[in-house]
Amino acid sequence: MHTCVIDLEDYTYKARASILYNHVYSAPLPQDVKETFADPRVYRPIIEHRNFNPRIVAVTLADSGLLSGRRESLVGDLIANLEDPHRIWDHIVKNQIGETDVKLLKLVLSFMSDMLLDDLQEIWMECDESLRDLQRALGMLDGTMLKSVQNFGNLHIGFHNPSVRDYLVNYVQSDMGEVISLISLVKRFEQLEAFWLVFPAPGGGPMAETYRKRRDQLEEVASAVFHSEPVNLGEPERGKDYVRRSWLCLEMGKDIESEVIHTLGLEAAADEDTVLNAFDSTGLWPLLQTLSQDKTTRGGEVLFDCISWSVEWIMGDLSDWNPIMQAQDFLLSIDDYDPGTEVSEALDRIESVRDYFAEEAFEDWAQTHRDPVGSASEMRQIIEYYENSDSSSPFDTSDYDAVLQRLEGFDAAHQTPTVVRNGDTGLTWNAAREVQSMMQALRSRLIDEAPTATT
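Residue indices follow the written sequence of each chain, beginning from 1 at its first position. At least 70 in pLDDT is required for a residue's local features to be given in this predicted model, at least 80 for side-chain atom pairs to be given and counted, and no such filter applies to totals for whole chains, interfaces and linings, which use all residues. Processing note: side-chain calculations cover all non-hydrogen atoms of the structure and skip hydrogens and water entirely.

1. As for the nonpolar core
And step 1. Think of a nonpolar core as a cluster: buried Ala, Val, Leu, Ile, Met, Phe, Trp, Tyr and Cys residues, connected wherever their side-chain atoms sit within 4.5 Å. Only protein chains enter the calculation, and the probe is 1.4 Å; a residue is then buried if its accessible area is under 20% of its type maximum, exposed if over 50%, and partly exposed in between. Membership of the largest hydrophobic core comes to 108 residues, with the highest contact counts inside it found for Phe37, Leu104 and Leu331.
And step 2. Secondary structure elements are taken from DSSP: a helix is a run of H or I of four residues or more, a strand is a run of E of two residues or more, and numbering for both begins at the N terminus. Take this core: its biggest share by element is 7 residues, from helix H20 (residues 297–314).
And step 3. Residues are treated as being in contact if the distance between any of their heavy atoms lies within 4.5 Å. Residues within four places of phenylalanine 37 in sequence aside, it is in contact with Leu20, Val24, Val42, Tyr43, Ile46, Leu61, Leu74, Val75, Leu78, Met439 and Leu442.

See the structure below:
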């Protein structure tokens, strides 16, 4: 059986060259200008650019006079537009697409990442729009400002590249009417979270005063979506992450001075199921930090309960090195918030469990007559931890060299081959040669098709 390896970087490189070839060939440009694109010094910076986008190439080549008015600066214009695509996106939004298309862009903006087409369709209809209009808008924007990607049988919709999101953030933020319009599109909690985090308002940011002026509208939206079903954004299934929801509403309520939104977060945090069903510790720490800054009596009571529930939750799984270290790091991060001794007592228990686990793992790798049960990466993490911490090592030092030697042998047996690439482009020599041949063919084709002079 033979294995077929497809180098995606090579594929992208050649596909981009083909796109550039076709757009240059069909563009309304003089032949001598088109022929310049056969020069590697011209085409390489274009097809290797991190923001390469077929629409930017097409708009720049098809309407070069619109942006600069100087045909001799076309290549420079194209590189400039790739480097700063905002003026292309602005041209498209203001001149080439309609209100429904812009609404779709804003709806996608209201999520932090790509979303399933099924979810997009459901929310689109909740925004009083038809699926026919959605299909037309996707047809207009897909491949330019948006992209659709098939993944495990599901179609995901997102921005073509980060520059589109950046442009739309500025587009919405600069117009109060657009801000109000975006708030009206919020139908799920993930949108409220994205809205709050994408636009700088936390901590009294520049948008905070704008939100205070729309406090009634935000309170209505937050109350409506707080218990909404989660949207699949490509992450592991989390369900309704009330730790995250509670934290966000506590922060939002504080920054826009909304008792309604603050109470939503506080009452959710007061429910022990919020903490005991936490997805991971990364959300608990911000929640406890925010509660520690709440100077109300009720806030102090909720903080005390949340710390107790958090200790119970984090100590529930100490079965492996990673959860042991995660528990230790988490407890150390919240130690200052604990008005009692519960966290410090838990840290003492963690230390005992940690040293016992490390000693057992080291002994496992020291047994040279059999394969170790634990992984090599875990053993390295354990050794590195004790080498770089003040904690005394529980290892039998007489076996230290034997364990290190076994780890080195494991590395040598599991090395992976590397692909030799062209030093200039980061691509394989084969791909670079194919692209060079393709772009040279462009010049030959143009010469062959050029009208001949008659006497």
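The structure having been displayed, the exposition proceeds.
2. Considering the sheet that holds strand S1 (residues 115–116)
And step 1. The sheet built from 3 strands is open, its strands ordered S1-S3-S2 with antiparallel pairing. Only two strands of the sheet have a single neighbouring strand rather than two, namely S1 and strand S2 (146–151).
And step 2. In short, DSSP must find at least two bridges between two strands for them to pair. Here S2 runs beside strand S3 (residues 154–159); their pairing, made up of 6 bridges, is antiparallel. Counterpart to glutamine 150 in the pairing with S3 is leucine 155.
And step 3. Fitted lines through C-alpha atoms give the axes, limited to the stretch in contact for helices. The angle between two N-to-C directions lies from 0 to 180 degrees. In the packing of helix H8 (residues 99–109) onto the sheet, the strands contacted are S2 and S3, and the crossing angle to S3 comes to about 100 degrees.

3. Things to note about the confidence of the model for the chain
And step 1. Every residue is assigned a pLDDT by the predictor, reflecting its confidence on a scale from 0 to 100. Per-residue pLDDT for the chain averages 84, and the proportion of residues at 70 or more is 86%.
And step 2. The least confident element of the chain is helix H5 (residues 64–67), whose mean pLDDT is 47; the most confident is helix H17 (residues 259–269), at 97.
And step 3. Below a pLDDT of 50 lies the segment residues 1–11, which in the model reaches 10 contacts outside its immediate sequence neighbourhood of four places, other chains included.

4. Some thoughts on the packing of helix H16 (residues 242–255) against helix H19 (residues 281–292)
And step 1. For the pair H16 and H19, the least separation of the axes is 9 Å and the interaxial angle reads 35 degrees. When the axes of H16 and H19 are compared, the crossing they make is left-handed. Contacts between H16 and H19 pair Val243, Ser246, Trp247, Leu250 and Glu251 from the former with Gly283, Leu284, Pro286, Leu287, Thr290 and Leu291 from the latter.
And step 2. Classifying every residue of the contact of H16 with H19 gives 7 nonpolar, 3 polar and 1 charged. For any helix crossing, the convention is left-handed if the near helix is rotated counterclockwise from the far helix by under a right angle, and right-handed if that rotation is clockwise. Residues are grouped as follows: Ala, Val, Leu, Ile, Met, Phe, Trp, Tyr, Cys and Pro are nonpolar; Asp, Glu, Lys and Arg are charged; all remaining types, including Gly, are polar.

5. A look at helix H3 (residues 40–47)
And step 1. Inspection of H3 places Val42, Tyr43, Ile46 and Ile47 among the buried residues, and these make up the whole buried set. Within H3, the buried residues cover an arc of 100 degrees as seen down the axis, which keeps them to one side. The arc in question is the one spanned by the directions pointing from the helix axis to the C-beta atoms.

6. Topic: the side chain of glutamate 219
And step 1. Structurally, the position occupied by glutamate 219 is in helix H15 (residues 215–225).
And step 2. Despite being buried, glutamate 219 has no salt bridge partner; arginine 215 is the closest side chain of opposite charge, sitting 4.7 Å away.
And step 3. Those residues in contact with glutamate 219 that sit more than four places away from it in its chain are Ser258, Val260 and Ile261. Note on charges: Lys and Arg go in the positive column, Asp and Glu in the negative column, and His and the chain ends are not counted at all. Put simply, a salt bridge is a Lys or Arg side-chain nitrogen that is within 4 Å of an Asp or Glu carboxyl oxygen.

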